[in-house]
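Residue-level listing of the chains:
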Amino acid sequence: MRLSRSALLLLLPLLAACSPTLDGDTVGSIRTPGPQVQITEAGAGGITAETPYSEKAIAAALPGFTTEGFQAATEDKTEWAIGAYNAEGFQVLHFYKGSNGKLREMHGVTHHLQGPNGERIGMTFADIGTSRGDCRVGRNLWRGMAICKARGTSNVTLVYAIPQYPGPFDQLAPSDQLREAVLQRIIWTPGRA
């Protein structure tokens, strides 16, 4: 059977609606992974500046997520953190302990979430439209990476890795290489909103 061009144009949106995506669409009884939380200046899901640093409190603030302790790297050191895993088993968020028993930082680490402007892990510096002037060069464990303020926020930071960047690591990469940098983390810091 051959379809006319107009019939095909009418069918395309229906076919697209039936196709699995990485944006969290449901197809029949199969749920495909997608963004389940958005990091904003206020937090993410039920996570706020008042959330205690504990697996139980974090899981309660993120319905459908499970939590577990593990070791992870921040810019300056490796330390114990709490990981939050979505229903599909993907580690979506890392939580780091503050001195007051609350959260010091929350790191989004997978494309199953969005930043305040729709940023997703894996997007490039150019895709997001980050301004070079909003960035500094990373140090220590994030040496040579671009650490940038998320547009329109005071407490959300974007961390970019620059593929095959040969250095120097004490300054931001040249603009042509920085444009290709890939978003690795979205960091929220409470109390700075």
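This text gives an overview of the structure that appears in the document. (Residues numbered from 1 in each chain as written. Predicted model: local features only at pLDDT ≥ 70, side-chain atom pairs only at ≥ 80, totals over all residues. Heavy atoms only, no water.)

Structural notes on the pattern of salt bridges
For step 1, the next point in the chain: What the rule picks out here adds up to four salt bridges.
For step 2, the next point in the chain: Ionic pairing is found between R104 and E79, a salt bridge with its closest N-O pair at 3.0 Å. A residue pair is termed long-range when its members are at least 10 positions apart, and R104 in strand β8 (residues 103-108) and E79 in strand β6 (residues 78-85) qualify at 25 residues.
For step 3, the next point in the chain: Judged by its relative accessible area of 12%, E79 is buried. (Salt bridge = Lys/Arg side-chain N within 4 Å of Asp/Glu carboxyl O. Helix = DSSP H or I, 4+ residues; strand = E, 2+ residues; numbered from the N terminus. Buried < 20%, exposed > 50% of the residue type's maximum accessible area, 1.4 Å probe, protein only.)

What to know about the packing of aromatic side chains
For step 1, the next point in the chain: Counted according to the given criterion, the structure contains two aromatic pairs.
For step 2, the next point in the chain: Aromatic pair F125 and Y160: ring centres 5.1 Å apart, planes at 65°, arrangement edge-to-face. Of the two residues, F125 is situated in helix α3 (residues 125-128) and Y160 in strand β12 (residues 156-161); the sequence distance between them amounts to 35 residues. Each of the two residues, F125 as well as Y160, counts as buried.
For step 3, the next point in the chain: Between Y165 and F169 the ring centres are 5.8 Å apart and the planes differ by 90°, which places this aromatic pair in the edge-to-face class.
For step 4, the next point in the chain: A residue is classified by how much of its surface remains accessible, and F169, at 28% relative accessible area, is partly exposed. (Phe/Tyr/Trp six-rings, centres within 6.5 Å; stacked < 30°, edge-to-face > 60°.)

Some remarks on the nonpolar core
For step 1, the next point in the chain: With 36 residues, the main nonpolar core has I39, I47, L62, L93, F95 and Y160 as its most contacted residues.
For step 2, the next point in the chain: Once residues within four sequence positions are removed from consideration, I39 is found in contact with A44, L93, M106, G108, L113, Q114, G115, P116, V156, I186 and W188.
For step 3, the next point in the chain: W142, M145, V159 and I187 belong to the second largest nonpolar core, which has five residues in total. (Core = buried A, V, L, I, M, F, W, Y, C linked by side-chain atoms within 4.5 Å. Contact = heavy atoms within 4.5 Å.)

Let's talk about the side chain of N86
For step 1, the next point in the chain: Turning to its location among the elements, N86 is positioned in the loop between β6 and β7 (91-97).
For step 2, the next point in the chain: Judged by its relative accessible area of 3%, N86 is buried.
For step 3, the next point in the chain: N86 has contacts with Q36, G64, F65, V92 and H112, leaving out every residue within four places of it along the chain.

Side note on the state of the cysteines
For step 1, the next point in the chain: Under the definition given, this model contains one disulfide.
For step 2, the next point in the chain: Two residues share a disulfide in this structure: C135 and C148, whose sulfurs sit 2.1 Å from each other. Here C135 and C148 share a disulfide; its torsion about the S-S bond, 105°, makes the bridge right-handed. Residue C135 is found in strand β10 (residues 135-137), and its partner C148 is found in strand β11 (residues 146-149); the two are separated by 13 residues along the sequence. (Disulfide = S-S within 2.5 Å.)

Overview of the sheet that holds β10
For step 1, the next point in the chain: The strand order across the open sheet formed by eight strands is β5-β6-β7-β8-β13-β12-β11-β10, and the pairing between neighbours is antiparallel. Edge strands, defined here as strands with exactly one partner in the open sheet, are β5 (66-73) and β10. If you compare each strand with its neighbour and ignore which way they point, the axes differ by 30° on average.
For step 2, the next point in the chain: With six bridges connecting them, β12 and strand β13 (residues 182-188) associate as antiparallel partners. Its bridge partner lying in β13, V159 is registered against R185. (Pairing = 2+ DSSP bridges. Axes fitted to C-alpha atoms, helices over the stretch in contact; angles between N-to-C directions.)

Thoughts on the pairing of β13
For step 1, the next point in the chain: With respect to burial, β13 is a largely interior element, five of its seven residues being buried.
For step 2, the next point in the chain: Two strands pair when backbone bridges link them, and β8 and β13 are joined in this way by three bridges, in the antiparallel orientation. Bridge pairing in β13 places H107 opposite I187.

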